Amino acid sequence: MMAASSGSLADLIDAALPQTQCGRCGFEGCRPYAESLARGESPINRCPPGGRPVIERLSALLAVPQLPLDTSCGIEQPPRVARVVEADCIGCAKCIDACPTDAIVGARKWMHTVVQADCSGCELCLPACPVDCIAMDPAPGLPAAPLDGPALEQRARHFRRLHEGRLQRLARNERRRREALQSRLDAAHTGGGGPA
Ligand code: SF4
Ligand code: SF4
Ligand code: SF4
């Protein structure tokens, strides 16, 4: 029986997920998977970046038996980071739009690069790149094996902060765009100061 409300249970589950927002679980990010788990609508074994440690956490949180990772979602692997092959980059910025943690820096028409410490290895930038100039490398300074629970949790806190910052930035930009549109509409309705 679940003692917590589905809202707070979803929060607890979300806190146990790796926050890469990679979508391998079949959801648009960690939060929608957490909400589905809280409603009892999804199995606990659909998160390859979390692997065995996350399955163990979810099993304890939801009081359900552990399951082997569903490899149709992907396999458990050592942490990796993206690298832009700079000589081939055409500066289109499509990778920036795809990156959930704002780990790619660069300006339109200029070469882009990945801030390795902010890259979760989600791979969402790979299909976004029209010239296939992004490669995945072993994450420097991290084990060449899937991470244990404490390391995953530490990284998840970092990626969550970055992802929330990105969502706030996008919301700010959207608000400014709407305000600019509204003032143009207002100016058009009032004659906009044009000739009589
Ligand atoms: S990290 Fe796990 S829960 Fe989050 S989107 Fe990827 S597969 Fe889904
Ligand atoms: S740089 Fe690529 S792999 Fe790294 S977090 Fe951003 S989208 Fe994911
Ligand atoms: S999507 Fe590819 S080509 Fe475009 S800026 Fe990013 S790395 Fe460069």
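Everything numeric in this text was worked out from a predicted model, so none of it was measured.

1. With respect to the overall build of the chain
When its secondary structure is counted, the chain shows 6 helices and 4 strands. The helix and strand sequence of the chain, counted from the amino end, reads α-α-α-β-α-β-β-α-β-α. In summary, the chain has a C-alpha radius of gyration of 21 Å against a globular reference of 16 Å for 196 residues, an excess of more than 25%. The buried share among the 196 residues of the chain stands at 28%.

2. Here's the deal with the site of ligand 1
Around ligand 1 lies a shell of 15 residues, among which Cys-22, Arg-24, Cys-25, Cys-30 and Cys-47 are the nearest. Class assignment of the residues belonging to the shell around ligand 1 gives a composition of 9 nonpolar, 5 polar and 1 charged.

3. Concerning the domain arrangement of the chain
Here the chain is partitioned into domain 1 (6-62) and domain 2 (80-138). For domain 1 versus domain 2, the separation of C-alpha centres amounts to 26 Å.

4. Focus: helix 3 (residues 51-62)
With 12 residues, helix 3 ought to run about 16 Å at 1.5 Å a step, and its terminal C-alpha atoms sit 17 Å apart, in line with that. Along helix 3, the positions that sit buried rather than exposed are Gly-51, Val-54, Ile-55, Arg-57 and Leu-58. For helix 3, the arc enclosing every buried residue in end-on projection is 160°, short of the 170-degree limit, so these residues lie on one face. Phi turns positive, to about 55°, at Ala-63, one or two residues after helix 3.

Reading guide: rules and limits
Residues numbered from 1 in each chain as written. Chains lettered and ligands numbered in written order. Predicted model: local features only at pLDDT ≥ 70, side-chain atom pairs only at ≥ 80, totals over all residues. Helix = DSSP H or I, 4+ residues; strand = E, 2+ residues; numbered from the N terminus. Rg over C-alpha atoms; globule rule 2.2 N^0.38 Å. Buried ≥ 20, exposed ≤ 12 C-beta atoms within 10 Å, placed from the backbone. Near = placed C-beta within 6 Å. Nonpolar A, V, L, I, M, F, W, Y, C, P; charged D, E, K, R; others polar. Domains from an automatic or database assignment. Expected span 1.5 Å × (residues − 1). Arc of directions from axis to C-beta.

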